[in-house]
Amino acid sequence: MKAVVFKKYGTPDVLHIADIPKPIPNEKEVLIKVAATTVTSGDVKLRKADPFLVRLFFGFTSPKRPVLGVEYAGTVEVVGKAVTQFKPGDRVLGSMGFAAGTYQEYIVVKEESVITHIPEGVSFEHAAAIPFGGLTSLYFLQKAGVLGGKRLLVYGASGALGTAAVQLAVYLGAHVTGVCSKSNTNLVRNLGASEVLNYENGIQLEQESFDIVYDTVGKSPFQHCVEALKPNGFYLRAVHYSPGVLLKGMIVNLTSSKKVVGGVVNEKREDLQLLAELVKAGRYQPVIGKTYPLEETAEAHRYVDTGHKKGNVVITVS
């Protein structure tokens, strides 16, 4: 089968098409023909081994897992004899998490993994764009507790995590202020944000004006955001959680009532099912900025590397 592989860390040029063996499911696994996947900020970090700690988990001198890709949508082709929840022909979406490996024509996943059925009427491309942004933002927003009536600031409101966060926070009853570029202000407002700030003009936040600040891109000014929090507020740092931020966060957590929260997302199937239900009900819509064929995955990575992508970047596989 075709796959996009990389044998060393580096620029998008390390990615290339290759033929690799088609996986075979065991009795508790499902073989899926992948229709679509995405290029996430996590994929880019693994490709570049940035931060350097990535090498400790995924291979010090070269990647142990030669295929990137976290989220997927496709059709069940074969099920193991012990599988009861899925059958051939089912349209499914899911997340591979740290296992990765969706930049290929077929994948094998465990029946009990983070996988669910695609709602009727939802395309493979939109289904593939649900897990990463949705699960990550839902996880961090849940860390901040009940959102009803709270004021939330979302940095990077037009990206994959940000567009998910705005919609989910509005659904959960929060008053949302989004931060993005001028060109994306209408998008963020249409997703439900009550206010939208253009970072190109510079942003001045009043002290103790927000219950939650959620940084989805790692570009928010740390001290400024902490000062903008009300007592007992939460500063959420998704994906972009460097050692320096970790240290500063520990100091804030120990010396004030405010909390800085980051780290690894615990993906749950029930959360993915909730997202699928919200999509079906029209309460959540993954935003797609650009779509590329599998053969142009390197070009898709170059686009994501610019740091100015809108919504999700989808890869059509088959």
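Shown above is the structure to which this text applies.
This text gives an overview of the structure that appears in the document. Remember, predicted model here, so these are calculated numbers, not experimental data.

### Focus on the overall build of the chain
Counting its secondary structure elements, the chain contains ten helices and 15 strands. The C-alpha radius of gyration of the chain comes to 19 Å, within 12% of the 20 Å expected for a compact globule of 318 residues. Dimensions of the chain, computed from C-alpha atoms along their principal axes, come out at roughly 55 × 45 × 35 Å. Sorting the 318 residues of the chain into buried and exposed places 53% on the buried side. Total accessible area computed for the chain in this model is approximately 14,100 Å², and 54% of it derives from carbon and sulfur atoms. Averaging the coordinates of the 35 positive side-chain charges in the chain and doing the same for the 29 negative ones gives two points 3 Å apart.

### Remarks on the packing of helix α4 (residues 131-143) against helix α5 (residues 160-171)
As a packed pair, α4 and α5 sit with axes 8 Å apart at the nearest point and diverge in direction by 55°. In this view, α4 runs oblique relative to α5, as classed from their interaxial angle. Every pair of crossing elements has a handedness; the one defined by α4 and α5 is right-handed. Residues F132, G133, G134, T136, S137, L138 and L141 of α4 touch α5, and the partners they reach there are A160, L161, A164, A165, L168 and A169.

### What to know about the nonpolar core
Core analysis: the largest hydrophobic core is formed by 47 residues, its most contacted members being L141, L152, V154, V166, V176, Y214 and L236. If you list the elements that add at least two residues to this core, you get α3 (124-128), α4, β8 (151-155), α5, β9 (175-180), β11 (210-215), β12 (229-237) and α9 (269-280).

### Observations concerning the packing of aromatic side chains
Remark: the centre distance and the inter-plane angle together describe each pair of aromatic rings, the angle taken between the planes. Here the structure, examined in full by the defined rule, presents six aromatic pairs. The interplanar angle of 85° and the centroid separation of 5.6 Å between the aromatic rings of F52 and F60 together place this pair among those described as edge-to-face. Accessibility expressed as a relative area gives 49% for F60, which makes it partly exposed. An angle of 45° between the planes, with centres 6.3 Å apart, marks the rings of F58 and F98 as tilted. Of the two residues, F58 is situated in helix α2 (residues 54-58) and F98 in the loop between β5 (91-95) and β6 (106-110); the sequence distance between them amounts to 40 residues.

### Quick look at the side chain of T38
With respect to the element layout, T38 can be found in strand β3 (residues 29-39). We classify T38 as buried; its relative accessible area is 1%. Of note is the side chain of T38, whose polar atom sits 2.5 Å from the side chain of E71. Beyond its immediate sequence surroundings of up to four residues, T38 is in contact with D43, E71, Y103, A128, A129, V313, V314 and I315.

### Here we look at the packing of α4 against α9
Here α4 crosses α9 at 110°, and the two axes come no closer than 10 Å. By the angle between their directions, the pair α4 and α9 is classed as roughly perpendicular. Between α4 and α9 lies a crossing whose hand is right-handed. On α9, the residues that touch P131, G134, L135, L138 and Q142 of α4 are D271, L272, L274 and L275. By residue class, the composition of the contact of α4 with α9 is six nonpolar, two polar and one charged.

### Points about the sheet that holds strand β10 (residues 195-198)
Pairing in this open sheet of six strands is parallel, and the strands run β10-β9-β8-β11-β12-β13 from one edge to the other. Since the sheet does not close on itself, it has two edges, and those belong to β10 and β13 (259-261), each with one partner. Here the strands of the sheet are splayed against their neighbours by 15° on average, with no regard to which way each runs. As judged from the three bridges shared by β12 and β13, these two strands associate in the parallel manner. Within β13, the position partnered with L236 by the bridge is V261. Contacts from α5 reach β8, β9 and β11, with the element oriented near 170° to β8.

Conventions and cut-offs
For every chain, the first residue of the written sequence is number 1, and numbering continues from 1 onward in sequence order. Totals for whole chains, interfaces and linings use all residues, but because this is a predicted model, local features are given only for residues with pLDDT of at least 70 and pairs of side-chain atoms are given and counted only at 80 or more. In computing side-chain properties, one takes all heavy atoms of the structure into account and sets aside hydrogens as well as water. Think of it this way: any DSSP run of H or I at least four residues long counts as a helix, any run of E at least two long counts as a strand, and we number them from the N terminus. We compute the radius of gyration over the C-alpha atoms and compare it with the globule rule, which gives 2.2 Å times the number of residues raised to the power 0.38. When a residue's accessible area, from a 1.4 Å probe over protein chains only, is under 20% of the maximum for its type it is buried; when over 50% it is exposed; and in between it is partly exposed. Working definition of accessibility: Shrake-Rupley area with a 1.4 Å probe, residue cover restricted to the visible protein chains. His is not counted, nor are the chain ends, whereas Lys and Arg count as positive and Asp and Glu as negative. Each charge is placed at NZ for Lys, CZ for Arg, CG for Asp and CD for Glu. In this description, a line fitted to the C-alpha atoms serves as the axis of each element, helices being fitted only across the stretch in contact, and the angle between N-to-C directions of two axes falls anywhere from 0 to 180 degrees. When describing relative orientation, an angle under 35 degrees is termed roughly parallel and one over 145 degrees roughly antiparallel, while 65 to 115 degrees is termed roughly perpendicular and anything else oblique. Left-handed describes a crossing in which the near helix is turned anticlockwise from the far one by less than a right angle; the clockwise case is right-handed. The criterion used for residue contact is that any of the two residues' heavy atoms lie within 4.5 Å. Note on terminology: a nonpolar core comprises buried Ala, Val, Leu, Ile, Met, Phe, Trp, Tyr and Cys residues joined through side-chain atoms within 4.5 Å. For Phe, Tyr and Trp, where Trp contributes only its six-membered ring, two rings pair if their centres lie within 6.5 Å, and the inter-plane angle classes them as stacked under 30 degrees, edge-to-face over 60, or tilted in between. We define a polar contact as two N or O atoms separated by no more than 3.5 Å, with the added condition that, inside protein, one atom must be a possible hydrogen donor and the other a possible acceptor, whereas residues neighbouring each other in sequence contribute only through side-chain atom pairs. In this count, Pro and Cys sit with the nonpolar residues alongside Ala, Val, Leu, Ile, Met, Phe, Trp and Tyr, while Asp, Glu, Lys and Arg are called charged and the others, Gly among them, polar. We call two strands paired when DSSP finds no fewer than two bridges between them.

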